[in-house]
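# A look at the structure
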Amino acid sequence: MTRLLVFDSGVGGLSVVAEIRRAQPKAEIVYVADDAGFPYGDWEDAALTDRVVGLIAGLIAGHTPDAVVIACHTASTLVLPPLRARFDLPFVGTVPAVKPAAEQTRSGVVAVLGTYGTIRRDYTRGLIDQFAKECHVRLVGSGNLAAYAERHMRGEAVGDAAILAEIAPAFIEDDGRRTDIVVLACTHYPFLLPQLERLAPWPVDWIDPAPAIARRVATVTGGMRPGAASGGGIALLTSGKAWPPAMTAQLRRLGLEPQEAATASG
Ligand code: DGL
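Not measured: the values here are computed from a predicted model. (Residues numbered from 1 in each chain as written. Predicted model: local features only at pLDDT ≥ 70, side-chain atom pairs only at ≥ 80, totals over all residues. Heavy atoms only, no water.)

Another point: the overall build of the protein. Of regular secondary structure, the protein possesses twelve helices and twelve strands. The C-alpha radius of gyration computed for the protein amounts to 18 Å, which stays within 12% of the reference 18 Å derived for 266 residues, consistent with globular compactness. Once the C-alpha set of the protein is aligned to its principal axes, its extents read approximately 55 × 40 × 35 Å. The proportion of buried residues among the 266 residues of the protein is 54%. (Helix = DSSP H or I, 4+ residues; strand = E, 2+ residues; numbered from the N terminus. Rg over C-alpha atoms; globule rule 2.2 N^0.38 Å. Buried < 20%, exposed > 50% of the residue type's maximum accessible area, 1.4 Å probe, protein only.)

In structure tokens:
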């Protein structure tokens, strides 16, 4: 069986786990949310790199995965090179879906919605230079949307006005052309999609990167450790705390048994 380590700052990576489960129902998944470091959006680059590389080193030693999925744009746009340099394992990252957006837009106006960290990265600007030169790309940083997704997943309501304030800058009119694609460049955001669709000033296509990431994971792990497998896994928080009760059923639906870090290592 294939054992995957899937890592995010919070619950966002579960949107990726859901797609991995669809593509590889038998994979064993160790899901780790760095709740002690959440949110990643405001971290300074060097500090975030050190933190994530250090955590991943400990998790690789403790859980011996076959591949690691950094299910977080804010971290992936920074830490993939140092991780690949240090560990001889396949790493799959999540980076803003600028290329598919440029291919799919009809109006030529697209928005990339992500954390402030992801939006200001050279990596993100490089993707635009490489794939979307012909488009008008609006980079929209959101300081709160990931935290709203965390609240939503815990069963707490998030007001429409608060969400609209975060997404409104993504909707622009340029010379009679309007935004027609919004790239969800944070793995937390797909959990808010019904609300995002309802609140959008006009209909757009929202690009959720998770299916493409799951396909990539299937490609890099194809043929690894074939055989009978559980399709199970565990979920833990870097704080060592127990998962909030509202999350338990959601984790189990994804085949993840919530655990406290002290009992989950090794
Ligand atoms: N889910 C993460 C991402 O894709 C980060 C959210 C955060 O820590 O603010 O960027």
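The discussion continues.
Before going further, it helps to examine unusual backbone geometry. The amide bond that connects Phe38 to the next residue, Pro39, takes the cis arrangement and shows omega of -5 degrees. One can find Pro39 in the loop between β2 (28-33) and α2 (45-63). Positive phi outside glycine occurs at Thr64, with the angle close to 40 degrees. Structurally, Thr64 is set in the loop between α2 and β3 (67-70).

The local shell around the ligand holds 14 residues, among which Ser9, Tyr40, His73, Thr74 and His188 are the closest. Contacts to the ligand include Tyr40, whose backbone N or O atom sits 2.7 Å from an oxygen atom. In the model, an oxygen atom of the ligand is placed 2.5 Å from a nitrogen or oxygen of the Thr74 side chain. In isolation the ligand has 300 Å² of accessible area, and contact with the protein removes 99% of it. For the shell around the ligand, the class distribution of residues is six nonpolar, seven polar and one charged. (Near = heavy atom within 4 Å. Polar contact = N/O pair within 3.5 Å; in protein donor to acceptor, adjacent residues only side chain to side chain. Areas by Shrake-Rupley, 256 points an atom, 1.4 Å probe, with all protein chains shown as cover. Nonpolar A, V, L, I, M, F, W, Y, C, P; charged D, E, K, R; others polar.)

A few words now on the environment of Arg84. Its place among the elements puts Arg84 in helix α3 (residues 73-86). The class of Arg84 is partly exposed, set by a relative accessible area of 46%. Distance from Arg84 to Gly240, taken between C-alpha atoms, is 27 Å for residues 156 residues apart in sequence. Engagement of the side chain of Arg84 in a polar contact is seen with the backbone oxygen of Phe91, the distance being 2.8 Å.

All right, on to helix α1 (residues 14-23) then. Of all ten residues making up α1, seven are buried, and the element is well covered by its neighbours. Within α1 the residues assigned to the buried category are Leu14, Ser15, Val16, Val17, Glu19, Ile20 and Arg21. Of the surrounding elements, those touching the buried residues of α1 are β1 (3-8), β2, β3, α10 (210-221), β11 (233-237) and α11 (245-253). (Contact = heavy atoms within 4.5 Å.)

With 28 residues, the main nonpolar core has Val6, Leu14, Ile20, Tyr31, Val69, Trp243 and Leu256 as its most contacted residues. Sorting the residues of this core by element identifies β1, α1, β2, β3, α10, β11 and α11 as the ones contributing at least two each. Once residues lying within four places of it in the same chain are set aside, the contact partners of Val6 are Gly13, Val17, Ile20, Ile29, Val30, Tyr31, Val32, Val69 and Ala71. Counting residues in each nonpolar core, the second largest holds 24 residues, with Leu5, Ala57, Leu59 and Ile234 among its members. (Core = buried A, V, L, I, M, F, W, Y, C linked by side-chain atoms within 4.5 Å.)

This brings us to the packing of α1 against α10. With their axes 8 Å apart at the nearest point, α1 and α10 run at an angle of 50 degrees to one another. The orientation of α1 relative to α10 falls into the category oblique. Crossing of α1 over α10 shows right-handed handedness. Across from Ser15, Val16, Glu19, Ile20 and Ala23 in α1, the residues of α10 making contact are Ala210, Pro211, Ile213, Ala214 and Val217. (Axes fitted to C-alpha atoms, helices over the stretch in contact; angles between N-to-C directions. Parallel < 35°, antiparallel > 145°, perpendicular 65-115°, else oblique. Left-handed = near helix turned anticlockwise from the far one by under 90°.)

In any sheet, the strands associate via hydrogen bonds between backbone groups, in a parallel or an antiparallel arrangement. With respect to topology, four strands assemble into an open sheet ordered β6-β5-β9-β10, the strand pairing being parallel. Edge positions in the sheet fall to β6 (136-141) and β10 (205-207), since each of these pairs with one other strand and no more. Recorded for the sheet is a direction-independent mean angle of 20 degrees between the axes of neighbouring strands. Two elements, strand β5 (residues 109-114) and β6, share six bridges in a ladder whose sense is parallel. Residue Val110 lies in a different strand from β6, and its bridge partner there is Val137. (Pairing = 2+ DSSP bridges.)

Here we take up the packing of aromatic side chains. One pass over the full model with this rule turns up four aromatic pairs. Note on Tyr40 and Trp43: the rings are 6.3 Å apart at their centroids and 75 degrees apart in plane angle, and the pair reads as edge-to-face. Judged by centre distance (6.3 Å) and plane angle (50 degrees), the rings of Phe87 and Phe91 are tilted. One aromatic cluster in this structure is built from Phe171, Trp202 and Trp206. The residue whose ring lies beneath Arg178 is Trp202, and the NZ or CZ to ring-centre distance is 4.3 Å. (Phe/Tyr/Trp six-rings, centres within 6.5 Å; stacked < 30°, edge-to-face > 60°. Lys NZ or Arg CZ within 6 Å of the ring centre and 35° of its normal.)

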